[in-house]
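Understanding the architecture of this molecule
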Amino acid sequence: MSGPDCSTRYPILLVHGTGFRDWKRLGYWGRIPELLRQRGAVVYFGQQDGWATVEENARHLARRVDEILAETRCEKLNLIAHSKGGLDARYLISSLGYGDRVASLTTVSTPHHGSKTMDALDRLPRWVFRLLGFFVNGWYRLIGDASPDFCGVCRQFTTAWAEEFNRRNPDVPGVLYQSCAGAMAGARSDLFMWWSNLIISRVEGENDGLVTVESARWSGFTGVWRGSGRRGMSHMDEVDFRRRLLKGKDGPVDPAERYVSLAAGLRERGL
């Protein structure tokens, strides 16, 4: 297949965000893994829980990394993480000491600085979160989560928690860090995320329906994924949820091609 070469030196591990799992039939990453493989990349999945805490998921990722390195006989791998998966990956690298086994970490719309909207929600009565947690945790145990913790994860999206997390998990020398954000052009950009985009826009500013551009900004910031025209790019679009091009007045945009560019860039760096 013609196009950018994604045959990176080290395998790529895709780390998903909150609320999903790496199912085979309903993949979190849409067409992205297959397109990367067609361009020469070796791709694996994190397979961590959908609603476990950062710490719990990072411990799972540590075991996953060890498995992949043993299987491929590589000394390192490249992490590409979406949403909360980026926090799981940062904890893996910094707190669990896996910096010597990770060549790079690229985060896509990760809430590095938390959410002021979640700060407001966190002031709701505790019984509200406990009730929601009862149902969410119960359902996710049924579909495969080992340690779902809805209330704990929600607290990890607050700005106070993020500030302390960043203090305890600085970038590790020798690991290439890159980050990027997504942004909806407006509430009408995505039928599924119009309400959250509208609320977060009023409370915090430009966002992709869940994470603001400013919260996603971390080391090696490469810019904002905006899609085409008024279409914008939502949190779901960023992982090719619809499995198709995003149409707009400026022409179609393929979210999956963004990951091809990321992988090709890693290859050019010798990673």
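Whatever comes next refers back to the structure up there.
Please read these numbers as outputs of a predicted model, since none were measured by experiment.

Concerning the pattern of salt bridges
The full count for this structure, using the stated rule, is 19 salt bridges. Salt-bridge contacts for R267 lead to D5; the nearest nitrogen and oxygen are separated by 3.2 Å. Of this pair, R267 sits in helix α10 (residues 255-268) while D5 is found in the segment before β1 (12-15), placing the two residues 262 residues apart along the sequence. Look at D5 and you get partly exposed, because its relative accessible area is 32%. For the salt bridge of D254 with R31, the shortest nitrogen-to-oxygen distance reads 2.7 Å.

Here we look at the sheet that holds strand β6 (residues 221-225)
Taking strand neighbours across the sheet as the criterion, the six strands line up as β2-β1-β3-β4-β5-β6 in an open arrangement whose pairing is parallel. Here the strands that pair on one side only, and so sit at the sheet edges, are β2 (43-45) and β6. Within the sheet, the average angular offset between the axes of one strand and its neighbour, ignoring direction, is 20 degrees. Of the strand pairs in this sheet, strand β4 (residues 102-108) and strand β5 (residues 176-182) are connected by five bridges, and their pairing is parallel. When the bridges of β5 are listed, L105 appears paired with Y177. Contacts from helix α2 (residues 54-72) reach β1, β2 and β3 (77-82) within the one sheet, and its direction differs from that of β2 by about 150 degrees.

Things to note about the packing of aromatic side chains
Counted according to the given criterion, the structure contains nine aromatic pairs. On the basis of an interplanar angle of 35 degrees and a centroid distance of 6.4 Å, the ring pair of F129 and F150 is categorised as tilted. Of this pair, F129 sits in helix α5 (residues 126-142) while F150 sits in helix α6 (residues 150-155), and the two are 21 residues apart along the sequence. On the basis of relative accessibility, which here comes to 7%, the residue F129 falls in the buried class. A relative accessible area of 10% means that F150 is categorised as buried. A connected cluster of aromatic rings, assembled from ring pairs, spans F20, Y28, W29, W225 and Y259. Between the NZ or CZ atom of R90 and the centre of the ring of W218, over which it lies, the distance is 3.9 Å.

Quick look at the side chain of N57
One can find N57 in helix α2. Ignoring sequence-local partners within four residues, the contact set of N57 consists of Q48, D49, A52, K84 and D88.

Observations regarding unusual backbone geometry
Backbone geometry places S109, a non-glycine residue, at a positive phi of 50 degrees. You can see S109 is positioned in the loop between β4 and α4 (116-121). Of note in the backbone geometry, R243 takes a positive phi value of approximately 60 degrees without being a glycine. The exposure class of R243 is partly exposed, given its relative accessible area of 30%.

Analysis parameters
- Residues numbered from 1 in each chain as written.
- Predicted model: local features only at pLDDT ≥ 70, side-chain atom pairs only at ≥ 80, totals over all residues.
- Heavy atoms only, no water.
- Salt bridge = Lys/Arg side-chain N within 4 Å of Asp/Glu carboxyl O.
- Helix = DSSP H or I, 4+ residues; strand = E, 2+ residues; numbered from the N terminus.
- Buried < 20%, exposed > 50% of the residue type's maximum accessible area, 1.4 Å probe, protein only.
- Pairing = 2+ DSSP bridges.
- Axes fitted to C-alpha atoms, helices over the stretch in contact; angles between N-to-C directions.
- Contact = heavy atoms within 4.5 Å.
- Phe/Tyr/Trp six-rings, centres within 6.5 Å; stacked < 30°, edge-to-face > 60°.
- Lys NZ or Arg CZ within 6 Å of the ring centre and 35° of its normal.

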